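These are the residues of each chain, in order.
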Amino acid sequence: MIAYLERFVHGNDVESRQNDNDDGKDFCDALDLQGSIDCVATGLAGKDFGGLRSIKPLALIRPAGTDDVARVVKAAARSSNLTVAARGNGHSINGQAMADRGLVLDMRSIEDVFEVVVVNGTAYVDVSGGALWEDVLKRCVSGFGLAPRSWTDYLSLTVGGTLSNAGVSGQTFRYGPQTSNVTELEVVTGKGEIFVCSETENSELFFGALGGLGQFGIITRARILLQPAPDMVRWIRVVYSEFEEFTRDAEFLVTQQDGDSFDYVEGFVFVNSDDPANGWPSVPLDSNHGFDPTRIPKTAGSVLYCIEVALHYRNTVHPSTVDVVVDGLLGRLGFVENLKFELDLSYMEFLLRVKHAEEHARTHGLWDAPHPWLNMFVSKSDIDEFDRAVFKNKLKGGVGGPMLIYPLLRSMWDTRTSVVLPEGEIFYIVALLRSNLPYPKGPSPEKLVAQNHEVIQYCIENGFDFKLYLPHYEIQEGWKRHFGNQWTRFVERKANFDPLAILAPGQKIFSRIHQL
């Protein structure tokens, strides 16, 4: 096999590209895997949800299990220049799961792992790194009446994918991100070594892999903390005309003790108009309830704000009891009177709510359009100015999709992981989730990317304390600024666990170290 790999080394780049097909076939034949290798139909591996770039790999590999993953990484390590990227469900935005003329692992193909275990009275579930969160939800709830505590809004994402970033949603204020709700990992490092790791065993790899952007290892299994699953959810949205009141109430909700607040807290900005995608119609929770714009105060500006909350309850609880609890919690808030929307639905329906939005987007040709999304963490100290400059100015017409903004608590995050955050206890996630029609019916992707860069540059020039979430930088200087005083730790972990920089080349943090 090494003889085949050496053919990738010799000759100039042009010659290598001309011989890709022949070399790829030889390499594919040489790898003895339980899974499969495709050196021809690699189109899936060269695209992602962002739709902003297309990069052709040498091969798309569908590993059958952890041993296959390790074998592929070891083979790449013996070569002079091959890289390996782990691809979950392809939901990255900027080619993070791609490998230019490298090897892409389709993690969805890994053997099914699903086992609920009880350790010292606490329930956990062991799942494959390639499992979709929506499948974890369904199997845990239907089979055991249990569920993970912390989620993402969209659940057609892989376990390994979100744990390599953070995993954030409306439960994060209470339980922390998904990276704070996993107690054990199985990881294949950039050396092709397989480790089981936790807070007490191989801890540096455990914390490095969590939020590590795939730089230190490929997560092939995770042990996730479970809790009893509720039956039902009261889903509520309330509207604000003033940002100061919106942030005051949102911060109040996320800083209350368990039992004194809702179980889920998020928020978003929307346009003060009848625009169906960006304005009033985007707020009601069902078609039976419309948005009455006459309720909006005359002093309202170009954008409005919405706090979105949810309360869990059991089937045995009478609706009137739920009403009392909800009214008591909402009674402490200062939202616009009579601009409140409520809906009762099952717990699984609530968590799978974005799946319905996906179906709608696919029907209208929006799902396969480019998605130049921007996700950021912005310090509480800068969020007022961010609102004034970005939401009320640069984006006052909307982005063709949700503009999320809600507070998170730093104390719920484990700083030993590789995730970096703004300073201060309270910071905000800002997510510009564009869903525009494909060009030329909608704005060009280049224009939207430029708008994202404008927002980032404004934050840099004005000294904002912010970090990109699901970060992307083209050069290492950007990454150094991103990690700040954690950069040294990040580099040391890279040198320890992936010294040749084989893993996750699409992140563009490190360059592959060539061997002669």
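All of these numbers come straight from a predicted model, not from anything done at the bench. (Residues numbered from 1 in each chain as written. Predicted model: local features only at pLDDT ≥ 70, side-chain atom pairs only at ≥ 80, totals over all residues. Heavy atoms only, no water.)

## A closer look at the sheet that holds strand β3 (residues 84-87)
- With mixed pairing, the four strands of this open sheet are ordered in space as β1-β2-β4-β3. Each edge of the open sheet carries a strand with a single partner, namely β1 (36-38) and β3. Neighbour-to-neighbour, the strand axes of this sheet turn through a mean angle of 25 degrees, independent of strand direction.
- Judged from the three bridges that link them, β1 and strand β2 (residues 59-62) form a sheet pairing that is antiparallel. The residue of β2 that forms the bridge with D38 is L60. (Pairing = 2+ DSSP bridges. Helix = DSSP H or I, 4+ residues; strand = E, 2+ residues; numbered from the N terminus. Axes fitted to C-alpha atoms, helices over the stretch in contact; angles between N-to-C directions.)

## A few points about the pairing of strand β10 (residues 217-228)
- Burial analysis of β10 places 11 of its 12 residues in the buried class, which makes it a mostly covered element.
- As paired strands, strand β6 (residues 122-128) and β10 are joined by five bridges and run antiparallel to one another. If you follow V125 over to β10, its bridge partner there is I224.
- Pairing of strand β7 (residues 146-148) with β10, which is carried by three bridges, proceeds in the antiparallel orientation. Counted as the bridge partner of P148 is L226 from β10.
- Judged from the seven bridges that link them, strand β8 (residues 182-189) and β10 form a sheet pairing that is antiparallel. Of the residues in β10, the one forming a bridge with V182 is I224. (Buried < 20%, exposed > 50% of the residue type's maximum accessible area, 1.4 Å probe, protein only.)

## Observations regarding helix α5 (residues 133-144)
- Here α5 is 12 residues long and its end C-alpha atoms lie 16 Å apart, about the 16 Å a rise of 1.5 Å per residue gives.
- Of all the residues in α5, the buried ones are W133, E134, V136, L137, C140 and V141. Buried residues of α5, viewed axially, fall in a sector of 160 degrees; they line one side. Those residues of α5 that are exposed and angled more than 90 degrees off the buried face are S142 and G143.
- Directly beyond the C-terminal end of α5, a positive phi value near 70 degrees is found at G145. (Expected span 1.5 Å × (residues − 1). Arc of directions from axis to C-beta.)

## Looking at the confidence of the model for the protein chain
- Summary statistics for the protein chain give a mean pLDDT of 93 and a share of 93% for residues scoring 70 or more.
- Here residues 1-18 is a poorly scored stretch, pLDDT under 50, and it has 28 contacts once near neighbours within four places are set aside; other chains count. (pLDDT = per-residue confidence, 0-100. Contact = heavy atoms within 4.5 Å.)

## Quick word on the UniProt feature "domain: FAD-binding PCMH-type" (unreviewed entry) in the protein chain
- UniProt feature "domain: FAD-binding PCMH-type" (unreviewed entry): in the numbering of this structure it lies at residues 53-229.
- Span residues 53-229 is 23% helix and 30% strand, its end C-alpha atoms 40 Å apart. (UniProt positions renumbered as here; feature names shortened; annotations may be inferred.)

## Examining the packing of aromatic side chains
- Tallied over the entire structure, the rule returns 30 aromatic pairs.
- Ring centres of F206 and F207 lie 5.1 Å apart, and the angle between their planes is 70 degrees; this geometry places the pair in the edge-to-face category.
- Looking at F206, the relative accessible area reads 4%, which means it is buried.
- With 6.0 Å between their ring centres and 40 degrees between their planes, F483 and W487 make a pair best called tilted.
- Since its relative accessible area comes to 3%, F483 is described here as buried.
- For W487, a relative accessible area of 13% puts it in the buried group.
- Put simply, the rings of F216, Y473, W479, F483, W487, F490 and F510 pair up and form one aromatic cluster.
- Here R353 stacks its cationic end above the ring of F350, 4.3 Å away from the centre of that ring. (Phe/Tyr/Trp six-rings, centres within 6.5 Å; stacked < 30°, edge-to-face > 60°. Lys NZ or Arg CZ within 6 Å of the ring centre and 35° of its normal.)

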